[in-house]
Each structure stands twice: as structure tokens, then as C-alpha cells.
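# Architecture at a glance
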Amino acid sequence: MVGGRRFRPGGGFGRQLDEYETRVGVPPPTEPPAPSHGGLVDSAVYIRGRRFASPSGLAETYRCLQEQDDAMAWIGLYRPDTDQITSLAREFRLHDLAVEDAINAHQRPKLERYGHTLFVVLRAARYDDLREEVEFSELHLFIGPGFVVTVRHGEAPDLTAVRRRMESEAQMLARGPEAVLYAILDQVVDGYAPVVAGLENDIDEIETQVFGGDPNASRRIYGLSREVIQFQRAARPLLSVLDALADGAGGASTDEELHRYLRDVTDHLTQVVERVDGFRHLLQNILTVNATLVSQQQNEEMRSLTAASYTQNEELKKVSSWAAILFAPTLIGTVYGMNFVHMPELNWRFGYLFALLLMLLVCGTLYVIFKRRGWL
């Protein structure tokens, strides 16, 4: 909150940009788009919260900063090369460890103080609607007496909007580098809101997939769980950074007005962290339910297969029983049908009747046996 009103959507300080344009007659200076190859995005020198100069390079920025008393430089870099970082480290006496972190990136959110310089690492998040994925990027800040250096290793956050809002509120920008730090923190935290909304929508879709029996639900649950965990790693450590700033552990200013803004950012971040924690527990429950449903489906399939197998066995028993019954007279007939001259019963008057009775007796006996065993 600023003076009892929230910042514009996307976070930051200041009045609406149209108010600024009405007051000065022209739009405020805008930060150019980040170069695709990386490097200096924008550099400005401010005096009492108003842009005094827009140097075209680092050397010119240094010179302008030295020539003006009570000036503040805000240098924005996008994936800078080693020479640019080395130049800044030499000019502003940045610590080697902080410089190494800024070059290599892949850091968790943290706040460290090196002498009179604060080094802050933030992880911004952006939800890609087309791919339905969360993209993470790092932002490193060097905050010192009379300078702010931002080093972006990704597209988020939109520091152009932060710079414009701060320049539209000269009184706030005049509070110094820490006002810029708080504005960027607010932008990063407010950027989490669309990510939370996107993840919530994905979870709703997953619930539909799970109860709809979609076989791809498990894979999507695992993928979304991984994104939620990464989001937790980006947002939760930031609470410690904000607490350290509020407690003055990092040697930050005790400006009460800035601390009010900081508490507002902390409140919003706390809500985000709680929502994300809830997402993780919800996904765990959904994964358990999905595993239960898959197990039930497999059990149903096994029961169906068992029933089909039982039916086949019963049919096979019947076929086997009738085959055995029919085989008995065939065997007897085959024996008495052999063309041997000296064979018992061939010249017996009752031989034919005996053979028929024997066939019926054997068939009847087999039928009774199979019937008692339930094969027929």
C-alpha cells in the first residue's frame, strides 16, 4: 500500500502513469528492450528522484555520478559479460563473491552485506499460458551508497515498468537506492500472483483428468509437482530476505515509510507461500487418489480377466469331457474293426450287441464321473 492505496497491477510504487503524463506533458523515459545478446539495458542518473542524465555507457555513468553531488545511478544489465561486471566491481568496489554469483547465477533468494553494499538475489516467475508451464529467472541486485545495479538472467521481472513507476513518483525515488530495492521486491512478489492463478487452473484440470480416467494424469501431476516445488524454492526464501530487511539485519535503512511498503510486500508474499504450500499438499492428495483409482481400475481389469479365464476353463472342461466320452466308443469300435483272422469274439453271435453295450457302458460311466465333478 502507498498512502492507503495499492500499487498498480504488477506492483511498484507511484501514481498512475497517465497522471504523470498529464503533469509533465510527456511520457516518462522508458527502459529500452533487453538486447538479445545481453549487456547494458538502461543507465540513468537521478538527483532528488528525477532523471538528470541518461548515459549511453558505463564510463559515462561513472563520470556523471562523480560530477554530481547527492546523485544516484540506476544501472540495468541483462545477462552482462564478464568485462561489464568487472567494470562495475572496480568502480563500486563490489565483493568478489557477489560478483562471482552475479556472473554464474543459479542462486537461491538471499541477502548478504559486503561492507556498505547489499547483494540481493531474487527469483522471478512467469506463467506461460501457451505451454502451461512456469518459467523462472534470476535477478541480482547490488545496492550501495548512490547506486543500484540490477543484473537480470531472464525475461522476468519487468524492470521497465518498475523504473517508469518510480520515475513517476519522484518523492519516492528520492528516498534512495533502498526505495528501488523495495519497488523491485514488490514487482517480483506481485508477479507471483498470475503464476498462482495459472497453477490453480492446472490443478483444476488435473482433477478432471484424474476422475476422468486419463492415463496421462500421473505424468502431468509429477510435472506440476516439480513446478510447485521450484516455486516454493523461489518464494519461501524470499520471506527471510524481507524479514532481514525489516529487522535491519542487512544494515538497511530505518526509513519508516519504506518499512510500511516492505510490510505490505511481506503480507502478499506470505499469502503466496501459503497458497503454494496448499498446492503441494493438494497435489500429494491428488496423486494418492490417482494411484487409488488406477489400482481400482487394475483390480477391475484383473477381475474381468479372471472371470473370462474361469469361463474359458469351464468351456474347456465341457469340451474335454465330451471328447473323452466320444473317444471311448471310437476306441472300442476301432479295436473290433481290426481285420485279423484269429480274433476273439469275431464269430460270437452276441459280439455286435456286446460291443454296443460296452460302448454305452463306458460312455455312461464317464458321463456320470464328469457330471459329479461339475465338468458337465
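### Quick notes on the overall build of the protein
- In terms of helices and strands, the protein carries 11 helices and 7 strands.
- The long-range share in the protein, meaning contacts at least 24 apart out of those at least 6 apart in sequence, stands at 66%.
- Put simply, the protein shows about 20,500 Å² of open surface, and 53% of that area lies on carbon and sulfur atoms.

### As for unusual backbone geometry
- Phi at R48 takes a positive value of approximately 50°, unusual for a residue other than glycine.
- As for its placement among the helices and strands, R48 is situated in the loop between β1 (39–47) and β2 (50–53).
- Unlike most non-glycine residues, R93 shows phi in positive territory, near 55°.
- Positionally, R93 belongs in the loop between α3 (82–92) and α4 (96–104).
- By relative accessible area, which is 75% here, R93 ends up exposed.

### Here's the deal with the nonpolar core
- With 59 residues, the main nonpolar core has I184, L185, Y192 and F231 as its most contacted residues.
- Looking at which element gives the most residues to this core, the answer is helix α9 (residues 217–247), with 12 residues.
- L185 has contacts with L122, L238, L242, L245, L262 and V265, leaving out every residue within four places of it along the chain.
- If you look at the next biggest cluster of nonpolar residues, it comprises 26 residues, including A71, I75, A89 and F147.

### A word on the sheet that holds strand β3 (residues 71–78)
- Strand order in this open sheet of 7 strands is β2-β1-β3-β7-β6-β5-β4, and the pairing throughout is mixed. Looking at which strands have only one partner, the edges of the open sheet turn out to be β2 and β4 (110–114). Taken over all neighbouring pairs, the strand axes of this sheet differ in orientation by 25° on average, direction set aside.
- Where strand β6 (residues 133–144) lies against strand β7 (residues 147–152), 6 bridges are found, and the strand directions are antiparallel. Along β7, the bridge assignment pairs F142 with V149.

### Quick look at the environment of L141
- Examined against the element boundaries, L141 turns out to sit in strand β6.
- Distance in space between the C-alpha atoms of L141 and L122 is 8.2 Å, their sequence separation being 19 residues.
- Dropping the residues within four chain positions of it, L141 is found in contact with L118, F119, V120, L122, V149, T150, L181 and I184.

### Description of the pairing of strand β5 (residues 117–128)
- Extensive coverage of β5 is indicated by the burial of 10 of its 12 residues.
- Both β4 and β5 contribute to a ladder of 5 bridges, which runs antiparallel. Counterpart to Y114 in the pairing with β5 is T117.
- Following β4, the chain reverses through 2 residues before pairing antiparallel with β5; G115 in that reversal takes a positive phi of roughly 65°.
- Relative to β6, β5 is paired through 11 bridges, and the arrangement is antiparallel. Opposite L122, over in β6, you have L139 as the bridge partner.

### Observations regarding the pattern of salt bridges
- In total, this model carries 13 salt bridges according to the counting rule given.
- In this structure, E200 and R275 form a salt bridge, with 2.9 Å as the shortest nitrogen-oxygen distance. Of this pair, E200 sits in helix α8 (residues 192–211) while R275 is found in helix α10 (residues 256–336), placing the two residues 75 residues apart along the sequence.
- A residue is classified by how much of its surface remains accessible, and R275, at 38% relative accessible area, is partly exposed.
- Salt bridges linked by common partners bring R126, D128, R131, E133 and E135 together as one network.

### Structural notes on the environment of K318
- Structurally, K318 can be placed in helix α10.
- Relative accessible area serves as the criterion here: at 38%, K318 is assigned to the partly exposed category.
- Along the sequence, K318 and W375 sit 57 residues apart, while their C-alpha atoms lie 5.6 Å from each other.
- Aside from chain neighbours lying at most four places away, what touches K318 is W375 and L376.

### Description of the packing of aromatic side chains
- Scanning the model with the defined rule gives 6 aromatic pairs in all.
- Both rings, one in Y62 and one in F92, keep their centres 5.8 Å apart while their planes meet at 90°; by these two values the pair is edge-to-face. Highlighted residues: Y62 in helix α2 (residues 58–67) and F92 in helix α3, separated in sequence by 30 residues. For the pair Y62 and F92, a shared accessibility class is recorded, and that class is buried.

Cut-offs and rules
- Residues numbered from 1 in each chain as written.
- Predicted model: local features only at pLDDT ≥ 70, side-chain atom pairs only at ≥ 80, totals over all residues.
- Heavy atoms only, no water.
- Helix = DSSP H or I, 4+ residues; strand = E, 2+ residues; numbered from the N terminus.
- Contact = heavy atoms within 4.5 Å.
- Areas by Shrake-Rupley, 256 points an atom, 1.4 Å probe, with all protein chains shown as cover.
- Buried < 20%, exposed > 50% of the residue type's maximum accessible area, 1.4 Å probe, protein only.
- Core = buried A, V, L, I, M, F, W, Y, C linked by side-chain atoms within 4.5 Å.
- Pairing = 2+ DSSP bridges.
- Axes fitted to C-alpha atoms, helices over the stretch in contact; angles between N-to-C directions.
- Salt bridge = Lys/Arg side-chain N within 4 Å of Asp/Glu carboxyl O.
- Phe/Tyr/Trp six-rings, centres within 6.5 Å; stacked < 30°, edge-to-face > 60°.

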